[in-house]
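Tertiary structure, described
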Amino acid sequence: MADEVLRMQNITKIYPNGFVANKDITFGVGANEIHALVGENGAGKTTLMKILFGMEAPQEGKIFINGKEEKITNPLDAIDKGVGMVHQHFMLVPSLSVAENVTLGVEPMKKGLFDFEGAVKATQEIADKYNFKVDARSKVRDLSVGQMQKVEILKALIKGAKILILDEPTAVLTPQETEELFEQLFTLRDSGVSIIFISHKLEEVMRICSKVTVLRHGQCMGTHDTEGLNEASISKLMVGRDVVLKIEKEDPKTGKPVISIKNLVKINSIGKHVIDDISFDIHEGEVVGIAGVEGNGQTELSEVLSGMGGFASGDVLLNDTSIKGKSVREIRDLGLAYIAEDRMVEGVAGDMSIKMNIMADRFTKKEFKSGLFMNGKKIDEIARQYIQDFEILCDGPDQPVRMLSGGNIQKVVVAREFTSGANFILANQPTRGIDVGTAEMIRKTIVRKSREEGTATLLISADLNEVLECSDRLLVMHKGKIVAAFPKANEVSEETLGEYMLGIKEMTLEEMEALL
Amino acid sequence: MNIDWVAFIADALKMATPLVFAALAALITRQAGMFNMGVEGMILCSALGSVVFAHFGGSVWVGLLGGILIGLVTGMIIAFSSLTGKTDLYLTCIAFNLMAAGGTVFVMYLLTGDKSSTAGSLRSYQIPNIDIPLIKDIPVLGRIVSGQSLLTYLAVLSVFLVWFLLKKTRIGLRIRAVGENPSAAESVGISVPKIGYISFAFCGIFAGLSGAFLSMSWVTFFMKNMVNGRGYIGLSAQNMAGGAPVGSALASLLFGFADSLSITLKNQTTFPTEFLNMIPYLATILAIIITSVIAINKRRRIEKGTAKAAAEE
Amino acid sequence: MNKTQKIESVMEVVRILAGLFIAYAVALVILFAISDEPVFIVQQFIAGPFSSARRIGSIINLAVPFTICGLSMCFMYAVNKFNLIGEGIFMLSACMVTWVSLSLQNLNLPAVVMVPLMYVVAILTGVVMAFIPAIMDRKFNANVVVVSLMLNSVIAYLATWILRYKVRDSSIAYMGSKEIPKSVQLPGIFGKFRVQSGLIVAIICVIIIAVLFYKTSFGWKMRLVGANPRFAKAVGLSALGISFAAQLAGGAVAGIAGATEMMSNYTRFQWTTTTQHGFDGLLVAVLAKKNPVLVPIGALFLAYIRIGADVVNTSGDIPIEFVTVIQGIIILLVAAESFLSGAKNKLIFKAAEKDEKEKQAKAAA
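Residues numbered from 1 in each chain as written. Chains lettered and ligands numbered in written order. Predicted model: local features only at pLDDT ≥ 70, side-chain atom pairs only at ≥ 80, totals over all residues.

**A look at helix H14 (residues 406-417) of chain A**
All names here are of chain A. The condition that has to hold: Starting at the N terminus, helices and strands are each numbered in turn, a helix being any DSSP run of H or I of at least four residues and a strand any DSSP run of E of at least two. Given the number of residues in a helix, its expected span is that number minus one, multiplied by 1.5 Å. Each residue is classified by how many other C-beta atoms fall within 10 Å of its C-beta atom, where C-beta atoms are placed from the backbone; a count of 20 or more means buried, 12 or fewer means exposed, and values in between mean partly exposed. Remark: residues whose backbone-derived C-beta atoms lie within 7 Å of one another are considered to be in contact.
Here H14 contains twelve residues, and its C-alpha end-to-end distance of 17 Å stays within 8% of the 16 Å for a straight helix at 1.5 Å per residue. Among the twelve residues that make up H14, eleven are buried, leaving the element largely enclosed by the rest of the structure. Among the residues making up H14, those that are buried are Gly407, Asn408, Ile409, Gln410, Lys411, Val412, Val413, Val414, Ala415, Arg416 and Glu417. For H14, the elements touching its buried residues are strand S18 (336-339), helix H11 (343-347), helix H12 (354-359), helix H13 (376-389), strand S21 (424-428) and helix H15 (436-453).

Okay, structure coming up:
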């Protein structure tokens, strides 16, 4: 094709742990095109783009830009060839100014020194050109998430990017910010920038992209015009079967409160109220979901409830006992199970065996000891049992966890947390970045445990589908406060939810009172 | 007890000089995000390098350049091991300091046949002391500020040079960016290892100056283990100041006073020298405790204090 | 996946061996370059340590403190704290054994009382000294490496002060203590090999500590905390408390090392600086990949090159310090992640590719 600005051909990438992330992928992007790259979490989208941006080296494959084969071995090469990337997690230096961040790498110089005023001017110019509103002099740490993303895009543009990769750009944005972003993307497209838009939000893909390339389990499922497709047909390509969006569940039979949060306040190290006077209860047998744009206090709430971080005032009662000043051990003994937000950070010790990871919360108990020593035989037996029950794909209980795939690592986490006998499960992003099958198993288990065993669950998730489907009651967090409460999560529309998540609307305490 | 306080303060400035250089050396790598304990061994190698280069080059200036060169080379060795070889930086530095301690004795022995010092076998050179006109005639102040080693004045100048480097130059901006968020720097095509190497090069220059001061100004020969923890003390000094150049220099000065106090008391009292020798090290430990306590309290105050303020609102 | 694991463990052994080999080769090159009679010297370096029963015994004698110090560092390294206080403890515990045993000399207690008592003194010394950097790490988040190194200097002066003012024998020409009581002098074993009875202590230590690491809940706790402290905290372990306790245990073991060395190899305390044993322990722990069972092997290797250096030092006037350079190289190579990682990744890639092909073949069938 003559107007094809980018072609990636037969790309194969295998990670050192043997995981095949990309398998013989070929796809092309035309000029003035917003091209969607879709696929489930873990399908290989990010890896493919990291290869294009020179951050990962593929074992096989070629990259053509404007018809010419190019070797891209590091980001500098990529930038030189006109490729820019906006990463999912912002790549900004918080203590530096917007201008310094934007010009980093291509700093304007004056008499051999860094020219700050020049940087401000250059930043302002490019921002004006594409109609971005940012203050070049303010420090990045003082910006909102939406503004940070603009800085990220400016960073790519100032280096002359003609191919712009956006990795799940809307994941952290409010709907209004998303709208603004889309307007800007259209402007960019019309001024000659090709955009690769990575997303798993299909309605966004349908709205702004003309072409879509689908990846599934590291393989390319073809490139299609979005015209003539609909969300259902794309999702079929993505998962190879109809997505099960519904979780069948009966109404909860709620009992006494398991956890009561009372006027909880947490202040971070720069004095910001990250949790601002929150109160609610979760009862036996119910799943309470928390929706909200990331960074509105969910992480901190999970920190407080799991005992990983303290709080300034208020109280939390777990099975009628305050967790104030208690260690994680004591809180777990009160009845906490905790699926951590980032499994590699708080969910597992990668270098340790599956066995040790599964037993990590309980091996100190008497039943696993014989005399002074650990009862190795019993521990092995139990570990094997759980590996079987949770269908963990591995060589055996002694294999280090880091060698497993993301989904199997998460299975190790839930094998531990679902069997600890706790009656309160704190599940923070329990299915992030894992395969559909495992995600479905985890969601179903959460619901089943609440119905059959009367477990109380707090489900914090950025995946709206997940919170809406799994939860009974739904709360919305914004700026550290609960701003809305709904009695039936699966009856809430995403639009209504959006307005509360953004803080456009806020329920009064009276409205919510009965629901907290 | 009859202590000459003016001499004591002048001495403190002198003793602070290698510490200031050590602190600046550690500071630059810290700004690039690396806790470099290797300064200890780098200074030791440079101290020997200075003496050897001066001897064979027949000039104190060759010695000074030689010291800086050795500082650079040793910096590159540590950088190579940790940045290219991906060895844990702590382990690299511990291993390197071990090698430096043994290696300097080894080289000294090969050159002189002596294992304790080069005094007597290699020619001594001294970096000149500078008398500052006018100031040298002022009573008290003249004795303190004037007549110090050239390197002492250079140390003062270096503090501002480092500040300038970090705040006003492109490489300084990049070093800070890499130290704060390496992925951010990488994403715009700045090579993180390259910046690491560059910061180790700057580090090497200052470690070289520190070493040259020890073997050509403090004394005029090299002796076994002559750095004696000064690298670690400098490292702690910049840590106390949170990586700020001027603060690091002031903290170094404080440790210079401890050093000087230990020497003065040794000369003027009959107190067992073993205990006086402990002063600089105990002072460092104490300083580490005080800094940490202040930092911890500050954080607690913010987390609790503002909570109260919020409750009162 | 199975293949990946196998490749990883095989490559790990290859890496360590290659690291040792390269360091050894460097040693030979240095010797070759600086010696007047290179062939003889290199031959001495390689074969010298095995040339007499006495020298073989020396290797074992030297390996004893290396083993116990290596075990001590295993505790620190297991919880990822490079607490180097073992260096100071080794010296101070030998000094304290000397001081206490001399103070109790007049009681004429039998060896069965005195020797255990000395070990109690040594362990207490180790625990108290390790407590300082450990508590500073725990309470103030102070850098444990810097603090322990500073403290080592303080300890060296403290031990020298005790030597000079408390236990010195002024009737001898050099700076040394009075002779320690016979009741605390451990006898040699194995006749002409003249092996110190510290060997028995070392063997017991290896067994107890290996069991502690792999068979007890404290060992599990330490390893989990070392592997991922945040995770350890999240599953309810007290990461701070466990790493604190591990450092105290490491201190106690370093104390045992110092006391054993003093009682089996010396009759007078005579050190005025620290002895490098703490750092040697670190090297051994790195070589052994913090696995107590492998510590004796690392210690024997280190002792072998040390004795080799000793031999060339006496027979060829080569300064023994060159060994520390070799030691540094070994640590750097063995600990370097990227050393031979290219080869490893290639193997893994090939294995994965093969797997993939097999899968496809199966799917096709």
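**Section: the sheet that holds strand S11 (residues 211-216) of chain A**
The strands that make up a sheet are held in pairs by hydrogen bonds between backbone atoms, and each pair lies either parallel or antiparallel. All names here are of chain A. The line we're drawing: By this definition, two strands are paired if DSSP reports at least two bridges between them. Angular values range over 0 to 180 degrees, each being the angle between N-to-C directions of two axes fitted as lines to C-alpha atoms, with helices fitted over their stretch in contact.
As summarised here, the arrangement of the six strands in space is S6-S9-S10-S3-S11-S12, forming an open sheet in which the pairing is mixed. The strands lining the two open edges of the sheet, one partner per strand, are strand S6 (83-86) and strand S12 (219-225). Neighbour-to-neighbour, the strand axes of the sheet open up by a mean angle of 20°, direction not taken into account. As paired strands, S11 and S12 are joined by five bridges and run antiparallel to one another. Counted as the bridge partner of Leu215 is Cys220 from S12. Contacts from helix H5 (residues 145-158) reach S6 and strand S9 (163-167), with the element oriented near 170° to S6. The sheet contacts of helix H6 (residues 175-190) involve strand S3 (34-38), S9 and strand S10 (194-199), and relative to S10 the element is tilted by about 145°.

**As for the interface of chain B and chain C**
Heads up, the rule is: Charged residues are taken to be Asp, Glu, Lys and Arg, nonpolar residues to be Ala, Val, Leu, Ile, Met, Phe, Trp, Tyr, Cys and Pro, and polar residues to be all remaining types, Gly included.
Counting residues at the interface gives 41 residues for chain B, matched by 37 residues for chain C. Those elements that provide at least two residues to the side of chain B that touches chain C are helix H3 (60-84), helix H4 (89-112), helix H10 (230-240) and helix H12 (273-312) of chain B. The element best represented in the side of chain B that touches chain C is H4(B), accounting for 15 residues. Looking at side-chain class alone, the side of chain B that touches chain C contains 25 nonpolar, twelve polar and four charged residues.

**Things to note about the UniProt feature "transmembrane region" (unreviewed entry) in chain C**
Defined as follows: UniProt positions are given in the numbering used here, feature names are shortened, and annotations may be inferred rather than shown by experiment.
Using the residue numbers shown here, the UniProt feature "transmembrane region" (unreviewed entry) corresponds to residues 12-35, 55-77, 84-102, 108-132, 144-163, 195-214, 235-259 and 322-340 of chain C. Along residues 144-163 of chain C one finds 100% helix and 0% strand; the C-alpha atoms at either end are 28 Å apart.

**Examining the interface of chain A and chain C**
With 35 residues of chain A in contact, the opposing surface of chain C contributes 25 residues. Put simply, the parts of the chain that give the side of chain A that touches chain C at least two residues each are helix H10 (328-334), H11 and strand S20 (373-374) of chain A.

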